[in-house]
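Observations on the model geometry
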Amino acid sequence: VLLAKVNRKLCDDFGLGYYYIVWLTSEAQGLSPLHDYRWNRKLGHGGFGVVHLVVNKHTDEQCALKIIRVEQPAKGTQAEAMKKACSEIQLHQKAAKASVHVVNLLVWGQAGGSFLFCVMEFCAGGDLRQYVRKGEGIVDRKQAWTWFREILVGLVAIHAEGIVHLDLKPEN
């Protein structure tokens, strides 16, 4: 278990009352602590959390930092909900190792009692939903088939690992 001093902005943005993060990843060796990332800007938010663009201070690599709030479930305990969320992140990590067509998960951990964070590969081109919303025009058939094949290759690879993607949509 590693303890890392956290950027005050993280605490302010997400209402955390203290400045430490406990790393949960079993692959902690060689991973940069979260304070090794410089906040750039907010990329977006959804029902589960907020995504920021961050830059690794050592490599200048742009990454996406996703902060997930694990809500108290209607049934069960907060601890069970956190365990389930951690299991889903571990599946993402396994899927990313199975295929280059799955966004790479670099590091993840827990921040406070009800927050998780994931530092992931940043896809500068955005997602398919953003592309469609920008009104980039009609995608030509060749490009559509290329994207479709890449999605299928990724799905075949994760299925071979025993993982089923239950939320396949343009923004994912």
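See the structure above.
Being a predicted model, the structure only gives us computed values, none of them experimental.

Further remarks concern the overall build of the chain. Looking only at helices and strands, one finds 4 helices and 7 strands in the chain. Along the chain, from the amino end to the carboxyl end, the secondary structure elements read β-α-β-β-β-β-α-β-β-α-α. In the chain, buried positions account for 33% of the 172 residues. Counted over contacts in the chain with a minimum sequence separation of 6, partners at least 24 positions apart contribute 45%. Accessible area for the chain stands at about 11,200 Å²; split by element, carbon and sulfur atoms hold 55% of it.

One non-glycine residue with positive phi stands out, namely aspartate 60, at about 65°. You can see aspartate 60 is positioned in the loop between strand E4 (49–56) and strand E5 (62–69). Given a relative accessible area of 56%, aspartate 60 falls into the exposed group.

Let us look at the pattern of salt bridges. Evaluated as defined, the whole model comprises 5 salt bridges. Glutamate 171 is the salt-bridge partner of arginine 129, the closest N and O atoms lying 3.0 Å from each other. A residue pair is termed long-range when its members are at least 10 positions apart, and arginine 129 in helix H3 (residues 128–133) and glutamate 171 in the segment after helix H4 (141–160) qualify at 42 residues. Residue classification places arginine 129 among the partly exposed residues on the basis of a relative accessible area of 35%. Between aspartate 167 and lysine 169 there is a salt bridge, with the nearest N and O atoms lying 3.5 Å from each other. Residue classification places aspartate 167 among the partly exposed positions, given a relative accessible area of 38%. Among the charged side chains, a network of salt bridges with common partners joins Arg129, Asp167, Lys169 and Glu171.

What follows concerns the side chain of asparagine 56. Looking at the element boundaries, asparagine 56 is found in strand E4. A distance of 3.1 Å separates the side chain of asparagine 56 from the backbone nitrogen of threonine 59, its partner in a polar contact.

Conventions and cut-offs
- Residues numbered from 1 in each chain as written.
- Predicted model: local features only at pLDDT ≥ 70, side-chain atom pairs only at ≥ 80, totals over all residues.
- Heavy atoms only, no water.
- Helix = DSSP H or I, 4+ residues; strand = E, 2+ residues; numbered from the N terminus.
- Buried < 20%, exposed > 50% of the residue type's maximum accessible area, 1.4 Å probe, protein only.
- Contact = heavy atoms within 4.5 Å.
- Areas by Shrake-Rupley, 256 points an atom, 1.4 Å probe, with all protein chains shown as cover.
- Salt bridge = Lys/Arg side-chain N within 4 Å of Asp/Glu carboxyl O.
- Polar contact = N/O pair within 3.5 Å; in protein donor to acceptor, adjacent residues only side chain to side chain.

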